[in-house]
Amino acid sequence: MLLKKFGRLTTLSVVAVSVFGTQLAAWANVTLSGAGATFPQPLYERYVREMRKAHPDIKVNYQSIGSGGGIKQTIAGTVDFGASDAAMTDGEMAKVKGGVLLIPTAGGAVSVAYNLPGVKNLKLSNAALAGIFTGKITTWNDPAIAQTNKGAALPSSAIKPAVRADGSGTSFIFSNHMSAVSPAFKSAVGASKEPKWPSGFLKGKGNPGVAASLKQTPGSIGYVEYDFALKSGLSSASVQNGRGQYVAPSLKTANQALADVQFPANFRAFDINSAQGYPIVGLTWLLIPKTQKDPNKAKAIKTMVKWMLTSGQQFNDDLNYTSIPASVAARAIAAVESGVK
Amino acid sequence: MPTPITNNLARRNRHSKPDRADRLFRYLIYAASGVSVGILLLMGWTITGHALPAIKQFGWGFLAGRDWNVPDLKFGALPLIYGTLGSGLISLIFAVPVGLAVAIITSEDLLPKWLRSTVAFTIELLAAVPSVVFGLWGFYTLIPILLPIQQLLHAKFKHIPLFSTEPSGSGLLTAGILLAIMILPTVAAVSREVLLVVPTYLRTGSMALGSTRWETIFRVVLPKAFSGIVGGVMLALGRALGETMAVTMVIGNTENISPSIFAPAYSIPAILANTFAEAQEDIHVGALTYLVLILFAITLFVNIGAISLVKLVEGGEK
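The present account deals with the structure reproduced in this document. (Residues numbered from 1 in each chain as written. Chains lettered and ligands numbered in written order. Predicted model: local features only at pLDDT ≥ 70, side-chain atom pairs only at ≥ 80, totals over all residues. Heavy atoms only, no water.)

As a further point, take the pairing of strand S4 (residues 100-115) of chain A. Residues and elements named next belong to chain A. Burial within S4 is extensive, with 16 of its 16 residues counted as buried. Pairing geometry for S4 and strand S12 (residues 281-289), over 9 bridges, is antiparallel. By the bridge assignment for S12, alanine 106 is matched with threonine 284. Sheet analysis places S4 next to strand S8 (residues 220-225), joined by 6 bridges and oriented antiparallel. Bridge pairing in S8 links asparagine 115 to serine 220. Both S4 and strand S9 (residues 235-236) contribute to a ladder of 2 bridges, which runs antiparallel. Pairing of tyrosine 114 across the sheet is with serine 235, part of S9. (Buried < 20%, exposed > 50% of the residue type's maximum accessible area, 1.4 Å probe, protein only. Helix = DSSP H or I, 4+ residues; strand = E, 2+ residues; numbered from the N terminus. Pairing = 2+ DSSP bridges.)

Structure follows, in structure tokens:
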């Protein structure tokens, strides 16, 4: 097993070195420092480790200090690149000296997980989901839920919604999707990293906190990152996509949804209510200042982005992140090649 | 052998300038205290700078505002002040009696010495447990223990506002109890030290006048040790007010003011830990740093209150 893996890695690095070898020779060692989002942190950690094999001359330090911090440090110019899972606003982008590029690297699905003993394959319509998370639907046997789950033994007990206590990209992805499909949700709760939930919801810190609340509390329902829901063994509900089909979260259905997204010229895509696939998905971006002080760093950043959006994308699958569609990746690489100096 | 030593000292004094080392030492001390005060001032200055947008926009109204609404960028600190003080107060209600009892038991000769030192040592070991471990333990172990008790109290005494909310496990009471366990070693250890240094002649005198042991403890030893005990309790309260990780895991993290101790609440350190990293807008960061200033002020008032209390009691004794 180990040998096989080693063999594969060697092949990989041999291929990579032969491709980039010519450029490599001209370089001194470069250290890139980046900071920002916590959501892609496991993925970036893996990228950094794997990229060392292909490009031993580039060292990348990534600190997951939160998206807000990533944006601030990018504006302040204290890092070579930032990362955020809420794309920068126009106002924030204007503050970066020399301009900034937003480069999507990965996406993630958010599962609606629940703890309802005896009920499997729960299907929730947009109306039911919005009703639950605005506090309007309070019992499991509510007609709005029963309608789409004929034959399921829905109890008359109270629904206990569990949400994130901390400001998080996961909350943003979920509330952003809900706001897109339900005007009632949009006006009562709104799309935010810290949405204004009705009182009485269980609140946990981080994905582990919400997952623990869900496991401890029968009758609870909440949202957690897909990978986390999968590994915690929580049941996930199917939700309605743009076509009205009920889709369960999986890497495949999330990738289908992303393939459907129209990325604008600045790659800022927010309203992902795709017709196909699993609809509750979001993206995470690298924030790359166009003007780099050090030409070696500019080169290194181009190489890093190219590697992440080509060879790196295979690790997205391993870690249950969605991949960036190849056509979008090619556009992003071109934007960095011509834009960063 | 005392003679040579004296000679040595005398010789050294004669040969060096008598106060050079002295002066150097004094400067060192000044520098050390200057640095610690300087760091505090620097922190205060930076924090105030960041808080300025929020101070300008909300003013004193921030203290009374009950709404913490991030999407609309409207902020009020009252629920957080309430959660911070409430959980701290509950922790004292539990920790002070238990901590004092431990201190009395381990400082009197009621139990064999080996047992006393074992108890004292075990309690002090609690202080070495990292707060995140307390938090996890609180979430996975303490909540399942407390929840049935809370549910029973709620079922029987629903009409009393204190128990009026249906308990979900996390809440003000749970946070207070967890904090009480965390600050217990501080209360116990400091009180024990203070009780141990109460002069023996006071005890023997009291006993000689015919007091029982309990009369001696409650009328002579404890009053004598009062100021030291208050000091220890304040130190403990300081820790409780500033505790972050453990509280975050069990307080419920909901900006809420409720008469019920079962209701979820939110404390200032907890909201900082949860939301500071992802706070983006200047006014949001400002509101969070404004909270830091409020926490500073609360700690300051607690300390001033403690000093006044000690002065008042000591003044009354004379």
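The next point concerns the packing of aromatic side chains. The tally for this structure, following the rule as stated, stands at 22 aromatic pairs over all chains. Here tyrosine 44 of chain A and tyrosine 62 of chain A contribute two aromatic rings whose centre-to-centre distance is 5.0 Å and whose plane-to-plane angle is 85°, an arrangement assigned as edge-to-face. A residue pair is termed long-range when its members are at least 10 positions apart, and tyrosine 44 of chain A in helix H2 (residues 41-54) and tyrosine 62 of chain A in strand S2 (residues 58-64) qualify at 18 residues. For tyrosine 44 of chain A, a relative accessible area of 1% puts it in the buried group. For the pair tryptophan 68 of chain B and phenylalanine 75 of chain B, a centre-to-centre distance of 4.7 Å together with 65° between the ring planes defines the contact as edge-to-face. Assigned by exposure class, tryptophan 68 of chain B and phenylalanine 75 of chain B land together as buried. Cluster of aromatic residues (ring-pair linked, three or more members): Tyr44, Tyr47, Tyr62, Phe81, Trp307 and Phe315 of chain A. (Phe/Tyr/Trp six-rings, centres within 6.5 Å; stacked < 30°, edge-to-face > 60°.)

Residues and elements named next belong to chain B. Relative to the helices and strands, serine 170 resides in the loop between helix H6 (131-156) and helix H7 (172-196). Overall, the relative accessible area of 14% leaves serine 170 in the buried class. For serine 170, the residues in contact, after removing those within four places along its chain, are Ile143, Met249, Val250, Ile251, Gly252, Phe262 and Pro264. (Contact = heavy atoms within 4.5 Å.)

The subject of this paragraph is the pattern of salt bridges. Pairing is possible between side chains that carry opposite charge, provided their charged atoms lie close to one another. Residue and element names in this part refer to chain A. As enumerated under the stated definition, the model contains 12 salt bridges over all chains in all. In this structure, aspartate 85 and lysine 193 form a salt bridge, with 3.8 Å as the shortest nitrogen-oxygen distance. Of the two residues, aspartate 85 sits in the loop between strand S3 (81-84) and helix H4 (90-95) while lysine 193 sits in the loop between helix H8 (183-188) and strand S7 (202-204), which places them 108 residues apart along the sequence. Under the relative-accessibility criterion, aspartate 85 is labelled buried at 3%. Overlapping salt bridges, with partners in common, bring together Arg46, Glu50, Lys53 and Asp318 in one network. (Salt bridge = Lys/Arg side-chain N within 4 Å of Asp/Glu carboxyl O.)

This paragraph deals with the environment of glutamate 194 of chain A. Within the fold, glutamate 194 of chain A resides in the loop between H8 and S7. Along the sequence, glutamate 194 of chain A and threonine 253 of chain A sit 59 residues apart, while their C-alpha atoms lie 27 Å from each other. Residues contacting glutamate 194 of chain A, with those up to four places away along its chain left out, are Gly167 of chain A together with Trp68, Val70, Pro71, Thr275 and His284 of chain B. Within polar-contact distance, the side chain of glutamate 194 of chain A engages the side chain of histidine 284 of chain B at 3.4 Å. (Polar contact = N/O pair within 3.5 Å; in protein donor to acceptor, adjacent residues only side chain to side chain.)

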